[in-house]
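Listed here are the chains, written in short residue letters.
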Amino acid sequence: MKIQPSDAPLLNWTGDTLALGLFEDAVALTGDLAKLDQLFAGVLKELIAEEEFTAKAYSTIFTRVTGSSSIRKVILVGLGKAEALKAETLRRAAAAVARVAKKQKSKNLGLSFPLWNNDSAATAQAIAEGTQLALFQDNRFKSEPEDKGIKIETIDLLGLSGQEAAITRADQIVSGVNLARELVAAPANEVTPITLAETAQAIATEHGLQLQILEREDCEKLGMGAFLGVAQASELPPKFIHLTYKPQGTAKRKLAIIGKGLTFDSGGLNIKGAGSGIEIMKIDMGGAGATFGAAKAIAQIKPDVEVHFISAATENMISGHAMHPGDILKASNGKTIEVNNTDAEGRLTLADALVYADKLGVDAIVDLATLTGACVVALGEDIGGLFTPDDAIASQIEQAAESAGEKIWRMPMEEKYFEGLKSGIADMKNTGPRPGGSITASLFLKQFVKDTPWAHLDVAGPVWADKDNGYNSAGATGYGVRTLVNWVLAQ
Ligand code: BES
Ligand code: MN
Ligand code: ZN
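Residues numbered from 1 in each chain as written. Chains lettered and ligands numbered in written order. Predicted model: local features only at pLDDT ≥ 70, side-chain atom pairs only at ≥ 80, totals over all residues. Heavy atoms only, no water.

Visitor: Mind laying out the environment of P453, listing which residues take part and the relevant values?
Guide: One can find P453 in the loop between α13 (437-446) and β18 (454-458). Judged by its relative accessible area of 28%, P453 falls in the partly exposed class. In contact with P453, other than residues within four places in its own chain, are D363, A364, I365, D390 and I393. (Helix = DSSP H or I, 4+ residues; strand = E, 2+ residues; numbered from the N terminus. Buried < 20%, exposed > 50% of the residue type's maximum accessible area, 1.4 Å probe, protein only. Contact = heavy atoms within 4.5 Å.)

Visitor: Give a detailed account of the coordination of the manganese ion (ligand 2), specifying residues and quantitative values.
Guide: Looking at the manganese ion (ligand 2), one finds its protein donor set to be D265 (OD), D343 (O), D343 (OD) and E345 (OE), positioned 2.0 to 2.2 Å from the metal centre. If you look at the manganese ion (ligand 2), its six donor atoms make angles of 70 to 166° with each other, and the shape they trace is irregular. Separating the manganese ion (ligand 2) from the zinc ion (ligand 3) is a gap of 3.2 Å, which D265 spans by donating to each of them. Linking D265 in strand β10 (residues 261-265) with E345 in the loop between β13 (336-338) and α10 (346-359), this pair joins segments that are 80 residues apart in sequence. In this structure, D265 and E345 share a single accessibility class: buried. (Donors = N, O, S within 2.8 Å, 3.2 Å for Na, K, Ca; no water. Tetrahedral: all angles 85-135°; square planar, octahedral: opposite > 155°, others 65-115°.)

Visitor: Tell me what's going on with the sheet that holds strand β17 (residues 428-429), and back it up with residues and numbers.
Guide: Judged by pairing direction, the sheet is mixed, and its three strands sit side by side in the order β12-β13-β17 without closing on themselves. Of all strands in the sheet, those bounded by a partner on one side alone are β12 (328-330) and β17. One ladder, built from three bridges, connects β12 with β13; its direction is antiparallel. Across the sheet, residue I328 finds its bridge partner in β13, namely E338. (Pairing = 2+ DSSP bridges.)

Visitor: How would you summarise helix α2 (residues 43-50) if you had to cite specific residues and measurements?
Guide: All of the buried residues in α2 are L44, L47 and I48. One face of α2 carries all of its buried residues, which in axial projection span an arc of 100°. Across from the buried face of α2, at angles greater than 90 degrees, the exposed residues are K45, A49 and E50. Along its buried surface, α2 packs onto β2 (17-22), α1 (31-39), β3 (60-64) and β4 (73-78). The positive-phi residue at the C-terminal boundary of α2 is E52, with phi of around 50°. (Arc of directions from axis to C-beta.)

Visitor: Any chance you could break down the sheet that holds β3 for me, citing the residues and the numbers?
Guide: Across the sheet, six strands lie side by side as β1-β6-β5-β2-β4-β3; this open sheet has mixed pairing. In the strand order of this sheet, the two ends are held by β1 (2-6) and β3, each with one partner. Direction aside, neighbouring strands of the sheet carry axes that sit 20° apart on average. Pairing of β1 with strand β6 (residues 154-158), which is carried by five bridges, proceeds in the parallel orientation. Looking at β6, one finds that S6 is bridged to L158. (Axes fitted to C-alpha atoms, helices over the stretch in contact; angles between N-to-C directions.)

Visitor: If you had to explain the coordination of the zinc ion (ligand 3) to someone new, which residues and values would you point to?
Guide: Bound to the zinc ion (ligand 3) are the protein donor atoms K260 (NZ), D265 (OD), D284 (OD) and E345 (OE), situated 2.0 to 2.4 Å from the metal. Taken together, the six donor atoms coordinating the zinc ion (ligand 3) span angles of 77 to 173° at the metal, a pattern that classifies the geometry as octahedral. Within one chain, the residues donating to the zinc ion (ligand 3) are spaced in sequence as K-x4-D-x18-D-x60-E. For D284, a relative accessible area of 2% corresponds to the buried category. The exposure class assigned to E345 is buried, which follows from its relative accessible area of 1%.

Visitor: A description of the site of ligand 1 should follow, citing residues and the corresponding values.
Guide: Around ligand 1 lies a shell of 16 residues, among which K272, D284, D343, E345 and G373 are the nearest. When isolated, ligand 1 has an accessible area of 520 Å², and the protein chains bury 77% of it. Broken down by class, the residue content of the shell around ligand 1 amounts to four nonpolar, five polar and seven charged. (Near = heavy atom within 4 Å. Areas by Shrake-Rupley, 256 points an atom, 1.4 Å probe, with all protein chains shown as cover. Nonpolar A, V, L, I, M, F, W, Y, C, P; charged D, E, K, R; others polar.)

Visitor: Before we move on, can you summarise empty space enclosed by the protein with the specific residues and values?
Guide: The tally for this structure, following the rule as stated, stands at one cavity of 30 Å³ or more. Empty space within the largest cavity amounts to approximately 40 Å³. As for the largest cavity, its lining consists of G229, V230, A233, G268, L269, N316, M317, A322, M323 and T342. Grouping the constituent residues of the lining of the largest cavity by class yields six nonpolar, four polar and no charged. (1 Å grid on protein atoms, 1.4 Å probe; cavity = no way out; pocket = protein on both sides within 12 Å on 5 of 7 lines; lining within 4 Å. Points joined across faces, edges and corners; volume = space filled by probe spheres on them.)

Visitor: Lay out the packing of aromatic side chains with the relevant residues and their values.
Guide: In the structure shown here, the tally under the stated rule is three aromatic pairs. Aromatic pair F227 and F240: ring centres 6.1 Å apart, planes at 70°, arrangement edge-to-face. Placement of F227 in helix α8 (residues 225-231) and of F240 in strand β8 (residues 239-245) is noted, with a sequence separation of 13 residues between them. The pair formed by F227 and F240 is uniform in burial state, with each residue classed as buried. A centroid spacing of 5.3 Å and a plane angle of 45° characterise the contact between F444 and F448, whose relative ring orientation is tilted. Take F444: its relative accessible area is 0%, and that puts it in the buried class. Members of the aromatic cluster, joined through ring pairs, are F227, F240 and Y356. Taking the ring centre of Y58 as reference, the NZ or CZ of R92 above it sits at 5.1 Å. (Phe/Tyr/Trp six-rings, centres within 6.5 Å; stacked < 30°, edge-to-face > 60°. Lys NZ or Arg CZ within 6 Å of the ring centre and 35° of its normal.)

Visitor: Mind laying out the pattern of salt bridges, listing which residues take part and the relevant values?
Guide: A side chain of one charge can pair with a side chain of the opposite charge when the charged atoms of the two come close. If you walk through the whole model with that rule in mind, you get 20 salt bridges. As a salt-bridge pair, K81 and D25 come within 3.4 Å of each other at their nearest N and O atoms. Here K81, found in the loop between β4 and α3 (87-103), pairs with D25, found in the loop between β2 and α1; they are 56 residues apart in sequence, far enough to count as distant. A relative accessible area of 34% places K81 in the partly exposed class. (Salt bridge = Lys/Arg side-chain N within 4 Å of Asp/Glu carboxyl O.)

Visitor: Which residues make up the confidence of the model for the protein, and what values go with them?
Guide: Per-residue pLDDT for the protein averages 97, and the proportion of residues at 70 or more is 100%. Reported confidence for the predicted complex is 0.99 by ipTM and 0.98 by pTM. (pLDDT = per-residue confidence, 0-100.)

Dropping the structure here:
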């Protein structure tokens, strides 16, 4: 499928399916739209009236038409109120169009949408992102592809001639999002610490990044007792993965992005019980998925910033070698941790990853982790939690997420709650009381970052969707990639 700008005026465009974006309260067809409708013998006007189409955001109507030399199908899509238009509205409306076009077996789709913010590049990028994200289909584990037969071959963006670069930018970002989706959706017998390391290797080779993999012995030398404690019951070797993107010239800033990389979380000896969602715990590398997806995108975009992409990848399993509840681990900054719950393993792996990132001397660290069910209880499935003591990085992330259309909400890092992690025998416990569980998890992480500005994103909810929503289909969403890319590009 190829997305391209089109120079053709609306009335001269040729292709089998034309999609028109309309604003709420402005569905009366005027100008070129009225002329087009005349060509189709007024069927659009009739349909709008009959269906009482009001162009509510993302609502669609479809019809077959005759009268034009090539156009056989028309999709009308609502864009909501003109004054409320956002790039995200266009992304989602384009996704709605793409879904209808796919269902109706369109081959050559043309989209005629109004500009957002008078910005042709941003408009083209949003439409290209929305269509491609919506058309993503994961057939890896099906013996027969689900989308056999007629496929969309070309998508023309009308009125957006000259916007090839914006479309390329969308392609680069979408390739990162779809990598994250594939990594998260693949089960734990497919995506292991080993295959995550191989994926990092493939990104490094394809896009020219540096890669360092620390094996178990290397991690031992660095004193990563917290990460290795989690890893010790797995039959698979842990992999501490570190990809580096360096710009051609001098880097303006140095950043680190860390992703929780639990390729499966059984809970350990505090095994996940009934109703705990153990069967979905392949998603517990969603942070790593977003990190590597962002690496793939950033390596192609090539900003003037140095970025380190890090994941301490392992499984949380049970065996005779498993951590006992109550074991005391020592992290690489010398702090000791009483593991009062082996299911709070993500923070243990992140502890050593944060210490490692901090030692790189970066200007800022962001971690993404499917860290707590408590965050899902607090914010629901669609919204990520943002935890940071630093107001500046908080607003950077909020802006990056807002323009990505990825929902995020800042949570308080109430220092007093750290009392819940007091241990009688070690420097801290790894879990506190149930109330405020996502906050104590963040306060735990904070013990492993010195003074570097740092933000933690708890993405346990939004990395996975139960049903189709906008450009996300049920399943892995690739949440976080676009926020990370925006954040890096804004530096
Ligand atoms: N991986 C889970 C968190 C999670 C929950 C991710 C739901 C995705 C969906 C994490 O390792 C975990 O088990 N957290 C525990 C912490 C508790 C033991 C303090 C939880 O949330 O129950
Ligand atoms: Mn767990
Ligand atoms: Zn986990």
